[in-house]
Amino acid sequence: MRRPQTKGKVERKFHYVEVNLLNGRTFDSLDHLNEVTARWLATVADVHTIRDFRETPRDRHERERPHLLPLPTRDFDTALVVYRHVNVEGFLTHRLNHYSVPWSFIGQVLPVRIADGEVIVYSVGLEEVARHPLVPATRSGVRQSIKSHHPTGDPEERTRLLRQRFADLGPVGTAFLDGLLARQIQGKLQAQHLLALAAQYTRDDVRAALDRAVRFGAFSLAAVRRILAARARPRPRLDELAELHRDSLDPTLRDDVIGPRSTRDYQHLLASDEPEEPGDDTPPEDRPEHDAGRDPGPA
């Protein structure tokens with residue numbers, strides 16, 4: 001790493017451009033640089049014979065052209081992608097500004113793509129769930145909100161969304177929510193906070209905490225918070241993302257494990273025009289004389 005003197009074949013190409021194309025020249029603009037470079041490629045770089053291959057880059061490219069894949073029809077996406085928690089109010093934060101997402105995603109970690117003046121939020125399954133104008137970097141504390149992302153004034157809708165999220169935790173999640181709504185005046189608000197809290201722990205730890213709370217009739221956010229603090233440990237962010245993506249991955253993909261391929265499958269890509277005798281760096285299993293089931297005999 002970072003030792004150019006040990007990888008000369010890589011660094012040599014840059015040296016060639018520096019001393020042959022750039023040395024002694026000045027450029028008025030990027031367009032001027034591109035114009036000079038195109039002329040240099042056509043008259044110098046692409047027509048000189050490469051010693052190792054005994055042919056010019058232009059001739060070698062023409063010979064390899066039938067085997068090359070076509071270029072992508074779309075430009076490579078260089079947009080910034082980050083992961084953000086959705087807080088208890090249904091907002092995620094990017095550069096000290098807040099963007100709303102559908103209320104049902106409270107407590108989840110979602111991928112956020114920053115591109116072309118927009119903030120685009122995706123579900124764990126990479127379906128677009130929200131899109132906002134990007135707040136300029138000179139501003140902070142701005143809240144971008146879309147009305148449809150938040151529950152309406154109908155309390156039944158809010159309850160339905162909560163039941164959907166707690167049902168994902170299994171029967172114990174539904175049982176705890178029923179007890180919470182029945183015993184707490186602000187049960188729905190506590191349920192929202194619990195969803196945000198649950199994102200910090202593994203699903204098994206959350207289920208265990210809810211089960212203990214149900215068995216002892218402790219239907220409150222404070223009780224579950226105490227149980228988790230005493231019996232569980234917050235999980236790292238990478239583990240949280242892994243669990244979310246594992247749950248969304250199609251089960252058939254998880255079952256079909258792809259193992260490593262033998263290096264023998266790639267040997268034809270390394271073959272040169274002039275065959276050489278196997279050297280010391282040829283893997284033993286790829287040498288003609290190798291036979292795992294036979295004694296090679298005396299040297």
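Definitions and cut-offs
- Residues numbered from 1 in each chain as written.
- Predicted model: local features only at pLDDT ≥ 70, side-chain atom pairs only at ≥ 80, totals over all residues.
- Heavy atoms only, no water.
- Helix = DSSP H or I, 4+ residues; strand = E, 2+ residues; numbered from the N terminus.
- Buried < 20%, exposed > 50% of the residue type's maximum accessible area, 1.4 Å probe, protein only.
- Contact = heavy atoms within 4.5 Å.
- Areas by Shrake-Rupley, 256 points an atom, 1.4 Å probe, with all protein chains shown as cover.
- pLDDT = per-residue confidence, 0-100.
- Pairing = 2+ DSSP bridges.
- Axes fitted to C-alpha atoms, helices over the stretch in contact; angles between N-to-C directions.
- Polar contact = N/O pair within 3.5 Å; in protein donor to acceptor, adjacent residues only side chain to side chain.
- Parallel < 35°, antiparallel > 145°, perpendicular 65-115°, else oblique.
- Left-handed = near helix turned anticlockwise from the far one by under 90°.
- Salt bridge = Lys/Arg side-chain N within 4 Å of Asp/Glu carboxyl O.
- Patch = residues over 30% accessible without salt bridge, like charges linked within 9 Å, V, L, I, M, F, W, Y side chains within 5 Å.
- Nonpolar A, V, L, I, M, F, W, Y, C, P; charged D, E, K, R; others polar.

Caption draft 1: Region of interest: the overall build of the protein. Of regular secondary structure, the protein possesses eleven helices and seven strands. Within the span of the protein, comprising 299 residues, buried residues form 28% of the whole. For the protein, the proportion of contacts with a sequence separation of at least 24, taken over those separated by at least 6, is 53%. With the model as given, the accessible surface of the protein reaches about 21400 Å², and the carbon-plus-sulfur share is 53%.

Caption draft 2: Summary view of the confidence of the model for the protein. Looking at the protein as a whole, the pLDDT averages 83, with 80% of positions reaching at least 70. For the protein, helix H10 (residues 251-255) is the element with the lowest average pLDDT, namely 58, and strand E6 (residues 128-133) is the one with the highest, namely 96. Low pLDDT, under 50, characterises residues 275-282; the stretch is placed with five contacts to residues that sit more than four places away or in other chains.

Caption draft 3: Molecular detail of the sheet that holds strand E1 (residues 80-85). As summarised here, the arrangement of the four strands in space is E1-E4-E5-E6, forming an open sheet in which the pairing is antiparallel. In this open sheet, the two strands that pair with only one neighbour each are E1 and E6. With direction set aside, neighbouring strand axes in the sheet form an average angle of 25°.

Caption draft 4: Layout of the pairing of strand E3 (residues 97-100). Bridge analysis of strand E2 (residues 91-94) against E3 gives four bridges, and the strand direction is antiparallel. The residue of E3 that forms the bridge with His 94 is Asn 97. The hairpin turn running from E2 into E3, its antiparallel successor, is two residues long, and Arg 95 in that turn takes a positive phi close to 50°. Relative to strand E7 (residues 143-144), E3 is paired through two bridges, and the arrangement is parallel. Bridge pairing in E7 links His 98 to Arg 143.

Caption draft 5: Seen up close, the sheet that holds E7. Strand order in the open sheet made by the three strands is E2-E3-E7, with mixed pairing throughout. At either end of the open sheet lies a strand with only one pairing partner, and these are E2 and E7.

Caption draft 6: The arrangement of the side chain of Glu 55 in detail. Within the secondary structure layout, Glu 55 lies in the loop between helix H2 (30-45) and helix H3 (57-64). At a separation of 2.7 Å, a polar atom in the side chain of Glu 55 contacts the side chain of Arg 63.

Caption draft 7: Spatial organisation of the packing of helix H7 (residues 203-215) against helix H8 (residues 221-231). Contact pair H7 / H8: the axes reach a minimum separation of 9 Å and the direction vectors enclose 125°. Accordingly, the angle class assigned to the pair H7 and H8 is oblique. The handedness of the crossing between H7 and H8 comes out as right-handed. For the pair formed by H7 and H8, the contact residues are Asp 205, Val 206, Ala 209, Leu 210, Arg 212 and Ala 213 on the first element and Val 224, Ile 227, Leu 228 and Arg 231 on the second.

Caption draft 8: Molecular detail of unusual backbone geometry. The backbone phi angle of Arg 95 is positive, close to 50°, even though this residue is not glycine. Inspection of the secondary structure assignment puts Arg 95 in the loop between E2 and E3. Judged by relative accessible area, which is 58%, Arg 95 ranks as exposed. A positive phi angle is found at Leu 126, which is not glycine, with a value near 65°.

Caption draft 9: Structural context of the pattern of salt bridges. Under the counting rule described, the total for this entry stands at twelve salt bridges. With a closest N to O distance of 2.7 Å, Arg 65 and Glu 62 form a salt bridge. One network of salt bridges, in which partners are shared, links Glu 55, Arg 60, Arg 63 and Glu 64.

Caption draft 10: Representation of the environment of His 98. Its place among the elements puts His 98 in strand E3. The class for His 98 is partly exposed, based on a relative accessible area of 23%. Spatially, the C-alpha atom of His 98 lies 8.2 Å from that of Ser 145, the residues being 47 residues apart in sequence. In contact with His 98, other than residues within four places in its own chain, are Phe 91, Leu 92, Thr 93, Gly 141, Val 142, Arg 143 and Gln 144. Among the polar contacts listed, one links the side chain of His 98 to the side chain of Thr 93, at a separation of 3.0 Å.

Caption draft 11: Geometry of a nonpolar patch on the surface. A cluster of nonpolar residues, Tyr 266, Leu 269 and Leu 270, forms a patch on the protein surface that exposes about 350 Å² of accessible area. Mapped onto the elements, Leu 269 comes out in helix H11 (residues 267-270).

Caption draft 12: Representation of the packing of helix H5 (residues 171-183) against H7 in the model. Viewed as axis vectors pointing N to C, H5 and H7 meet at an angle of 45°, and their least axial separation amounts to 9 Å. Between H5 and H7, the angle falls in the class oblique. H7 is crossed by H5, and the crossing has left-handed handedness. On H7, the residues touching Val 172, Gly 173, Ala 175 and Phe 176 of H5 are Arg 207, Leu 210, Asp 211, Ala 213 and Val 214. Of the residues that constitute the contact of H5 with H7, the class distribution is six nonpolar, one polar and two charged.

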